[in-house]
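Letter by letter, the chains look like this.
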Protein chains: 2
Amino acid sequence: MVNDHRELRLFLHLAQTLNFGRTSLDCHVSPATLTRTVQRLEAGLGHQLFDRGPRGVSLTAEGHRFRAYAIEALGLWRTYREEHPDPAELTGRLAVFATVTACQALLPDLLAPFRAAHPQVRLDLRTGDAAAALARLDEGEVDAAVAGIPARLPGPLVSRTVAVTELVFVTARDRADAGLDGPFVLPHRGLVREAADRWFRGRGVTPDVAAEPDGHEGLLTLVALGCGTGVVPRLVLDNSAVRDRLTVLPATPPPEPFPIGLCVRRTDLRRPLMSALWSLTGP
Amino acid sequence: MVNDHRELRLFLHLAQTLNFGRTSLDCHVSPATLTRTVQRLEAGLGHQLFDRGPRGVSLTAEGHRFRAYAIEALGLWRTYREEHPDPAELTGRLAVFATVTACQALLPDLLAPFRAAHPQVRLDLRTGDAAAALARLDEGEVDAAVAGIPARLPGPLVSRTVAVTELVFVTARDRADAGLDGPFVLPHRGLVREAADRWFRGRGVTPDVAAEPDGHEGLLTLVALGCGTGVVPRLVLDNSAVRDRLTVLPATPPPEPFPIGLCVRRTDLRRPLMSALWSLTGP
DNA sequence: CTGTGTCTTTCATTTCACGCAACACCCCGC
DNA sequence: GCGGGGTGTTGCGTGAAATGAAAGACACAG
């Protein structure tokens, strides 16, 4: 039932973009799947739908006719569904994991459209260490996570960047003259630590690490106490309760920007609720 | 694509018969599949479509509305397909196996509607021993077989009875007074032999077997030569070249009727051509 | 309480769709 | 000519989904 309409949707999107890669990205399917979906359609119909030229893709005559059919069929379906919606699609429960900072700084704006569209959905918000986000997601404890996303995700997860913040060096206001030599307070592990390590390595120095706390918030507390210079995403600094006692140290080159993403299990994108979350938090 | 329409077709058929068993038989799916297809539909829509009472099944209000949608959607699809038929569905090649007798007596009438509907399809007709029919089918040498069908088919095959003939005892006209005691000419193996054996066992006698030829036609020749009393489907007798020299001996109780079926591989029923053959040879 | 006609569930099997990765192809700039 | 980025496609292993056979639940009749 629904499956068939997914094929039609893919076809229609492709008929508009005339670009396999683009449709593949927009519709969250691998290029292979898209190719074979179209091949299945063409085989089932017994007609070529697209001309694949080296200059790109174009609709064949049959493709145009089938497009008309697909639009009509999908419209019929949409009409039916509007009049007889699935009551289950508008309710349910969604568990979202976010770091404390993401909670404060990003979630309100990020989730507002979804919240407005589906007010009956109960949102469970879990917070914790950024490093735990993906594990919680993978284990099925939560349905979505907002956190720094590593370049290589575990297989079954997909993510989309929802914000980019820079990494900044920060120290206690009364130690601002210490510069970038003094002892450092670095996260024990995680993406920020890796970025910091890369930055030091790029300058050919080995930092003097004075402390390695677990979370960004705790890190800032140590920095405010004068334990050393810290590295955090600016977003964390801006939302810190101790930001008045801290100051940013300019660094050249500046550390790499730090992307924060919304991450979900790929298979969940088929669930209507998750699909809605994904598209309503998108661009 | 096509899959979805199969679901709609099943639903519409069931909405008309209001009987799972009947629809299951007519549409060549197991009851389990039908049940779950409907369950899938209902789950996908989020609405009950049928009320299952002990007294039978009835459409719910949602069921009626969905039925209207299904009819419309299927009509849209049929219209599209009529205007843009799959050229591959009308051509191709079909290998049919049949016993000599089935060829002569049944195939013309059986295949006429199919032939009329798909004149471009090339029909390859293979003949041979009835016992070989299922083997040829299973090995993929032929696409369909017309022959006596055992009660238990090999897993991947399905059959439908297309004719029923009685088994008759037959002897040479000039030995008609020999009765049912004389020596017998029985097929060496196969369904007729099994039925004959059961008949003898039911009467508690052990037949005096004078010959065990391989095919029914050869058997009749031996009988005509006076070698003994034979057992054959009446259909074979009626189409025999030597029938003028033979006579039927009444037997009580008469041997069990002998069903002749059209048999195909189950998976082939999805191929449009085979599906057409199946439905056009049906009731 | 067995038999009969329903529809559903359990289970093992097969089939199918998917993503990943490798591939083929083309065009472009040097 | 020859890498390099950008197309779309194919080989392959895996995991989910659909299937049929058979057993099960349930109501009802004799």
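Everything that follows concerns the structure shown earlier in this document.
Here we summarise the structure given alongside this text. (Residues numbered from 1 in each chain as written. Chains lettered and ligands numbered in written order. Predicted model: local features only at pLDDT ≥ 70, side-chain atom pairs only at ≥ 80, totals over all residues. Heavy atoms only, no water.)

1. Brief notes about the packing of helix α6 (residues 107-117) of chain A against helix α11 (residues 272-280) of chain A
A pair of packed helices is captured by two measures, namely the crossing angle of their axes and the spacing between those axes. Residues and elements named next belong to chain A. Direction vectors running N to C along α6 and α11 enclose 135 degrees, while the axes themselves pass 8 Å from each other. Comparing their axes, α11 and α6 come out oblique. For the pair α6 and α11, the sense of crossing is right-handed. Touching L111, P113, F114 and A117 of α6 are L273, A276, L277 and L280, all from α11. Looking at the contact of α6 with α11, its residues break down into 8 nonpolar, no polar and no charged. (Axes fitted to C-alpha atoms, helices over the stretch in contact; angles between N-to-C directions. Helix = DSSP H or I, 4+ residues; strand = E, 2+ residues; numbered from the N terminus. Parallel < 35°, antiparallel > 145°, perpendicular 65-115°, else oblique. Left-handed = near helix turned anticlockwise from the far one by under 90°. Contact = heavy atoms within 4.5 Å. Nonpolar A, V, L, I, M, F, W, Y, C, P; charged D, E, K, R; others polar.)

2. Side note on empty space enclosed by the protein
Considering all chains together, one arrives at 1 cavity of 30 Å³ or more under this definition. Space inside the largest cavity adds up to approximately 90 Å³. Lining the largest cavity are A:D4, A:H5, A:L8, A:Y69, A:A73, A:L76, B:D4, B:H5, B:L8, B:Y69, B:A73 and B:L76. For the lining of the largest cavity, the secondary-structure elements that each account for two or more residues are α1 (2-17) and α4 (61-83) of chain A together with α1 (2-17) and α4 (61-83) of chain B. In terms of residue class, the lining of the largest cavity is made up of 8 nonpolar, 2 polar and 2 charged. (1 Å grid on protein atoms, 1.4 Å probe; cavity = no way out; pocket = protein on both sides within 12 Å on 5 of 7 lines; lining within 4 Å. Points joined across faces, edges and corners; volume = space filled by probe spheres on them.)

3. Quick notes on the protein's contact with DNA strand D
Taken together, 20 residues surround DNA strand D, and among them A:F20, A:Q39, A:R52, B:R6 and B:T33 come closest. When the atoms of DNA strand D within 4 Å of the protein are sorted by group, sugar and phosphate make up 71%. The side chain of A:Q39 places a nitrogen or oxygen atom 2.7 Å from a phosphate oxygen of DNA strand D. The separation between a phosphate oxygen of DNA strand D and a polar side-chain atom of B:R40 is 3.1 Å. Secondary-structure elements contributing two or more residues to the surface near DNA strand D are α2 (20-26) and α3 (31-45) of chain A together with α3 (31-45) of chain B. Broken down by element, the surface near DNA strand D gets its largest block of residues, 5 residues, from α3(A). Class assignment of the residues belonging to the surface near DNA strand D gives a composition of 6 nonpolar, 6 polar and 8 charged. (Near = heavy atom within 4 Å. Polar contact = N/O pair within 3.5 Å; in protein donor to acceptor, adjacent residues only side chain to side chain.)

4. Structural notes on helix α9 (residues 216-224) of chain A
All names here are of chain A. Within α9, the full set of buried residues consists of H216, L219, L220, V223 and A224. Down the axis of α9, the buried set is contained in an arc of 135 degrees. They therefore lie on one face. In the stretch just after α9, G226 is the one whose phi turns positive, near 90 degrees. (Buried < 20%, exposed > 50% of the residue type's maximum accessible area, 1.4 Å probe, protein only. Arc of directions from axis to C-beta.)

5. Remarks on the pattern of salt bridges
Residue and element names in this part refer to chain A. Throughout the structure, instances matching the rule amount to 27 salt bridges over all chains. A salt bridge links R126 to E141; the nearest nitrogen and oxygen atoms lie 3.9 Å apart. Of this pair, R126 sits in strand β4 (residues 122-127) while E141 sits in the loop between α7 (130-138) and β5 (144-148); the two residues are 15 residues apart in sequence, bridging distant segments of the chain. With a relative accessible area of 37%, E141 lands in the partly exposed category. (Salt bridge = Lys/Arg side-chain N within 4 Å of Asp/Glu carboxyl O.)

6. Thoughts on the interface of chain B and chain A
Facing the 26 residues of chain B at the interface are 26 residues of chain A. Buried surface at the junction of chain B and chain A, both sides included, amounts to about 2,400 Å², of which 56% is carbon and sulfur. It is B:M1, B:Y69 and B:Y80 in chain B that bury the most area against chain A; as a group they hold 29% of the surface buried on that side. For the interface between chain B and chain A, the tally reads 2 salt bridges. Ionic pairing is found between A:R65 and B:E83, a salt bridge with its closest N-O pair at 2.9 Å. Counting across the chain B and chain A interface gives 8 residue pairs in polar contact (both at pLDDT 80 or more). Take the side of chain B that touches chain A: its biggest share by element is 11 residues, from α4(B). (Buried area = accessible area lost by both parts, 1.4 Å probe.)

7. Brief notes about the packing of aromatic side chains
According to the stated counting rule, one finds 26 aromatic pairs over all chains in the structure shown. Relative to B:Y69, the ring of A:W77 has its centre 5.6 Å away and its plane inclined at 55 degrees; by these criteria the two rings are tilted. Of this pair, A:W77 sits in helix α4 while B:Y69 sits in helix α4, which puts the two residues in different chains. Exposure remark for A:W77: the relative accessible area of 6% places this residue in the buried category. Aromatic side chains B:W199 and B:F200 sit 5.3 Å apart centroid to centroid with 75 degrees between the ring planes, which places their arrangement in the edge-to-face category. Summarising the burial analysis for this pair, B:W199 and B:F200 share the class buried. An aromatic cluster is defined as three or more aromatic residues linked by ring pairs; in this entry it consists of A:F11, A:F20, A:F50, A:F66, A:Y69, B:W77 and B:Y80. The ring of A:W278 has A:R160 sitting right over it, with the charged end atom 4.4 Å from the ring centre. (Phe/Tyr/Trp six-rings, centres within 6.5 Å; stacked < 30°, edge-to-face > 60°. Lys NZ or Arg CZ within 6 Å of the ring centre and 35° of its normal.)

That is the geometry; function is a separate question.
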